[in-house]
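# Chain and residue survey
Listed here are the chains, written in short residue letters.
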Amino acid sequence: MTIDPVVYIDGEFIPSQEAKISVFDHGLLYGDGIFEGIRVYDGVVFKLDAHLDRLYRSAMAMWLTIPLKKAAMKAALLETLQRNGFQDSYIRLLVTRGKGDLGVNPKKCPKASVVIINIQIEPMHGHDATNGITTIISSIRRQAPDSTSHEIKSLNYLNSVQATIEANRQGADDAIILDQRGFVAEATGTTLVAVWNGALHAPPLTASILDSITRRFVLDIARDLGFPVFERDMTPFQLLMAEEVFLCGTMGEITPVRSINDQSIGSKAPGPVTQKLLSEYVKRRKNPEYGTLVFPKTK
Ligand SMILES: Cc1ncc(COP(=O)(O)O)c(C=O)c1O
């Protein structure tokens, strides 16, 4: 197994300690770029095709020409994984606008850059997060849908960064963000689901949230297990009255929420519904049926 994993940058595989991009890259200068976070579970790249589809949709929304066709991008990603040899890992796939001048105009950036980072990291809130995390409702709203919306998975995460700083300052683990209308949107790097009377309620895609691949997967699991699922707007008050709340995303996996604004949610985390979904999610996510097998299975 490689100790210093390789990073793919524009066709080259470079040891991560030596991997560099230009200071004139508009991804760095202006957050002008897009990305995907993807996980590998026991040799299976979870929902790889769905992630690639979303990357190319984000690119389209940003008028960003990705220099590789989807099949070549997939091949580059799989080769990066094979070179590193991690059976379980995380992939950060970025496409930046590329090198330009110091002006904001992307016309000055002739070619986008592709970066594929592949490392081993814990879930966003660590392995112990299955016992629940503390959250606040941030005073910072998600951007309007006609603004730099989080519906595009862009490198511009300042909105989430500011909400995280607010959570840090209040001693909470994460922040829940409301949309422009005051309805619950999502957390800083995950979407959110609430449980009432054994039914799942998830803020709809129209609440300016990312169309999360984990959210779709978990809601499908819930339907398969016979739980009613509603995608609907919810107020902060309704959220506080929930029996269970959990966050879900590639980085956060399924993270139960123990409290919101210091108010306890349910009697224990994870609650019984979250617990059932969590164990089914952990079982299914390494099934090649839901991803791309890159290494022979070990477990
Ligand atoms: C703001 C935000 N919401 C939700 C998610 C979860 O999306 P996915 O399940 O596709 O990883 C992410 C993941 O990066 C995110 O950054």
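All figures in this text were calculated on a predicted structure; none of them were measured in a lab.

What counts and what doesn't
- Along each chain, residues carry numbers from 1 onward, in the same order as the chain's sequence is written.
- Under the rules for a predicted model, residues below a pLDDT of 70 receive no local features and side-chain atom pairs below 80 are neither given nor counted, while totals for whole chains, interfaces and linings still include all residues.
- Residues are counted as near a molecule or strand when the C-beta atom, derived from backbone positions, lies within 6 Å of that molecule or strand.
- For the purposes of this entry, the term helix denotes a DSSP run of H or I that reaches at least four residues, the term strand denotes a run of E that reaches at least two, and both are numbered from the N terminus.
- Lines fitted to C-alpha atoms define the axes here, with helix axes fitted over just the stretch in contact, and angles between the N-to-C directions of these axes take values from 0 to 180 degrees.
- Oblique is the label for any angle not covered by the other classes, which are roughly parallel (under 35 degrees), roughly antiparallel (over 145) and roughly perpendicular (65 to 115).
- Each crossing gets its handedness from the near helix: less than a right angle anticlockwise from the far helix is left-handed, clockwise is right-handed.
- Here, residues touch in the contact sense if the C-beta positions derived from the backbone fall within 7 Å of one another.
- Each residue gets one of three labels, nonpolar for Ala, Val, Leu, Ile, Met, Phe, Trp, Tyr, Cys and Pro, charged for Asp, Glu, Lys and Arg, and polar for the others, Gly among them.
- Helix span, as expected, comes to 1.5 Å for every residue beyond the first.
- Put simply, a residue is buried when 20 or more other C-beta atoms lie within 10 Å of its own C-beta and exposed when 12 or fewer do; between those, it is partly exposed, and each C-beta is set from the backbone.
- Note that the arc is computed from the directions linking the helix axis to the C-beta atoms.

### Examining the site of the ligand
Lining the immediate environment of the ligand, one finds 15 residues, of which S212, I213, T214, G249 and T250 sit closest. A total of 3 residues in the shell around the ligand trace back to one element, the largest contributor, which is helix α5 (residues 213–224).

### Quick word on the packing of helix α2 (residues 48–61) against helix α3 (residues 70–84)
It is at 11 Å that the axes of α2 and α3 come closest, and there the two elements cross at 125°. Comparing the axis directions of α2 and α3 gives the class oblique. You can see that α2 and α3 cross each other, and the crossing is right-handed. On α3, the residues that touch L48, L52 and Y56 of α2 are K70, M73 and K74. Of the residues in the contact of α2 with α3, the class split is 4 nonpolar, no polar and 2 charged.

### Topic: helix α4 (residues 158–169)
The end-to-end C-alpha distance of α4, which contains 12 residues, comes to 16 Å, matching closely the 16 Å that a straight helix rising 1.5 Å per residue would cover. Looking only at α4, the buried set comprises S160, A163, T164 and A167. On an axial view of α4, the arc spanned by its buried residues comes to 105°, and they lie on one face. Within α4, the exposed residues directed more than 90 degrees away from the buried face are L158, V161 and R169. Elements in contact with the buried residues of α4: β7 (133–137) and β8 (174–178).

### Things to note about unusual backbone geometry
Note the cis peptide between A269 and P270, where omega equals -5°. Residue placement: P270 occurs in the loop between β15 (263–264) and α7 (272–284). Although it is not a glycine, N197 adopts a positive phi angle of roughly 45°. By the secondary structure assignment, N197 is in the loop between β10 (191–196) and β11 (199–202). Residue N197 is classed as exposed on the basis of its C-beta count, with 8 C-beta atoms lying within 10 Å. Backbone geometry places N261, a non-glycine residue, at a positive phi of 50°.

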